[in-house]
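# A structural walkthrough
Chain by chain, the residues run as shown.
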Amino acid sequence: MTDTVLVTGATGFIAKHCIAELLRNGYRVRGTVRDPVRSAENVKRAVARAGVEASGIEIVAADLLKDEGWAAAAQGCRYMLHVASPFPITQPNSREELIAPARGGALRALTAATKAGIERVVLTSSTVAVMYGSGLPHGHIYTESDWTDTSRTDITPYIASKTLAEKATWDYVAKTQNAPELVVVNPGFVQGPALDPDLSTSLEVLQLMGKGAYPAAPRVEFPVVDVRDVAAIHVKAMTHPAAAGERFLATEGSASLFGIGRCIADELPDLKGKVPKFEMPDLMVRALAVFDKRLRSVLPELGVVRRCDNTKARTVLGHTFRPPEEAIAAAARSLRKLKVI
Ligand code: NDP
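The sections below set out a description of the structure shown in this document. (Residues numbered from 1 in each chain as written. Predicted model: local features only at pLDDT ≥ 70, side-chain atom pairs only at ≥ 80, totals over all residues. Heavy atoms only, no water.)

Attention shifts here to the overall build of the chain. Secondary structure summary: the chain contains twelve helices and 14 strands in total. On the principal axes, the C-alpha backbone points of the chain span a range of 55 × 45 × 40 Å. Counting all 341 residues of the chain, 57% fall into the buried class. Of the contacts formed within the chain by residues at least 6 apart in sequence, a portion of 79% connects residues at least 24 apart. Carbon and sulfur atoms make up 52% of the accessible area of the chain, which totals about 14600 Å². Here the chain holds 42 positive side-chain charges and 37 negative ones, and the gap between their average locations is 3 Å. (Helix = DSSP H or I, 4+ residues; strand = E, 2+ residues; numbered from the N terminus. Buried < 20%, exposed > 50% of the residue type's maximum accessible area, 1.4 Å probe, protein only. Contact = heavy atoms within 4.5 Å. Areas by Shrake-Rupley, 256 points an atom, 1.4 Å probe, with all protein chains shown as cover. Lys, Arg positive; Asp, Glu negative; His and termini not counted. Charge placed at Lys NZ, Arg CZ, Asp CG, Glu CD.)

And the structure:
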C-alpha cells in the first residue's frame, strides 16, 4: 500500500515543494492548513505548477495554536514533515507571539504523531537555531553541533521561536515512550522558484528589492539554499536509516543582500535601476532602524559573516546542492513569471 505523509502548513513555500517532491517519489500526501475552504484548491494548483499530478492531495484543518484537528490529521500516516511555523517579515514586539505557535505547534504535531504511531517526523528548523551561540571564536564554521543561545538579548523573536521549538522537539522525543524517530533539517535563507504569489518572507525580500523598496542594502550576509534542495533533503531524511536522531544543515554558500540584488539584475536586466545600488554604512542602518521596523531584525547581523558546513547532508544523505546564484536566479525568474516583480 502507498504510504501517506502528513505535511503541516501545506500553504507554505517550502511545504508546497516538499509535497511536490513526495508526490514525485510516489507517496500520498495529506496537508494541514488553517482554513481548508480558503486554501485547498490554491495548494493543489500551486503544487501542480511544479509539474506533478496534485489533485489527490488531501487537505485537512489544523492550527498550531489549537488542539483540534491534529489527531485526525495524523491518523493513518506513516511519516510527518512538520514544516509549519510563523515566519513574519516584521518581528512582533513580544517573543511569545511566535514561540506559542512554533513551540506549542511542534509539540501538538509530535503528540499527534506519537498517538497515531507515526514512524518518523522530519522537523523544519533553521540555521537561525544554530548560528547565534555565545563565546564562539571569530570565523567559527557552524556545524550541526552548534546551538543558538536563547538567553542572548540581541536575537529576534523569530530566532528564539525556531530555537526553542527545535529544543522542545528533541526534548519531547527523548522523554516520550513510543515517540517517533526525529530528524531535523536546518535550512539557510531559502530561495528558488515560487509556485504561487503567496510568498514566504525569504522571497518577499526579493520582491521588495525588485520593486525598488531598498535603494541601498545593509551589510548583511547569510547562508543560502534552494527550496528544491530543501524539499529533496526532507524526503531523503524521512526514510534514510542513518538520518534518525540527526540534524542536517541545508545550506550551500552564502549571499549578501547587495549580492542578491545583483543576481536579480543579472537575471532580469530591466530591474537594474530598482535593486540596491550600494551597501549602506552600518551607522546609517542603525539610524534608519529607529523609524523602519523591518530593519531592526538585521541590526545584530551588520557586517557579520556566518558560514555553515553542509558536509553532513552531502555525505550522509548523498545530496548535491545547487549554487546560491542558481537559487536566486530561479527565484527571480519565478517572481517575474508570477508577475509580482
Ligand atoms: P511560509 O510563510 O510560506 O510558510 C509558513 C507556514 O506556516 C504557512 O503554511 C503558514 O500557514 C503556517 N503557519 C503559520 N502560523 C500558523 C498557525 N498558527 N497554524 C497553522 N499554520 C501556521 O514560510 P516558509 O515556507 O519559508 O517556511 C516554512 C518553514 O521553514 C518555517 O518553519 C520556517 O521557519 C522555516 N524556514 C524558512 C526559511 C526561509 O528562508 N524561507 C529558512 C529556514 C527555515 P498560513 O498560510 O495559514 O499562514
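Next comes the rest of the account.
Moving on: the packing of aromatic side chains. The description of an aromatic ring pair rests on the distance of the ring centres and on the angle between the ring planes. Scanning the entire structure with this criterion turns up three aromatic pairs. Measuring from centroid to centroid gives 4.6 Å for Phe87 and Tyr158, while their planes differ by 25°, and the two rings are stacked. Of this pair, Phe87 sits in the loop between strand E4 (79–82) and helix H4 (96–115) while Tyr158 sits in helix H5 (residues 157–175); the two residues are 71 residues apart in sequence, bridging distant segments of the chain. Relative accessible area serves as the criterion here: at 11%, Tyr158 is assigned to the buried category. Here the aromatic rings of Phe189 and Phe222 are separated by 4.6 Å at their centres, their planes lie at 45°, and the arrangement is tilted. Of this pair, Phe189 sits in strand E8 (residues 189–191) while Phe222 sits in strand E10 (residues 221–226), placing them 33 residues apart in sequence. Neither Phe189 nor Phe222 differs from the other in exposure class; each is buried. A cation over a ring is seen here: Arg247 above Trp147, with NZ or CZ 3.7 Å from the ring centre. Just above the ring of Phe248 sits the side chain of Lys312; from NZ or CZ to the centre is 5.2 Å. (Phe/Tyr/Trp six-rings, centres within 6.5 Å; stacked < 30°, edge-to-face > 60°. Lys NZ or Arg CZ within 6 Å of the ring centre and 35° of its normal.)

Along strand E2 (residues 28–33), five of the six residues are buried, which leaves the element largely enclosed by surrounding structure. In this sheet, E2 lies alongside strand E1 (residues 4–8) in parallel orientation, the contact comprising four bridges. Each residue of the ladder has a partner; that of Val5, found in E2, is Val29. With helix H1 (residues 13–24) bridging E1 and its parallel neighbour E2, the resulting β-α-β unit is right-handed. In terms of strand pairing, E2 meets strand E3 (residues 58–61) through four bridges, oriented parallel. (Pairing = 2+ DSSP bridges. Right-handed = clockwise from strand over helix to strand, strands pointing away.)

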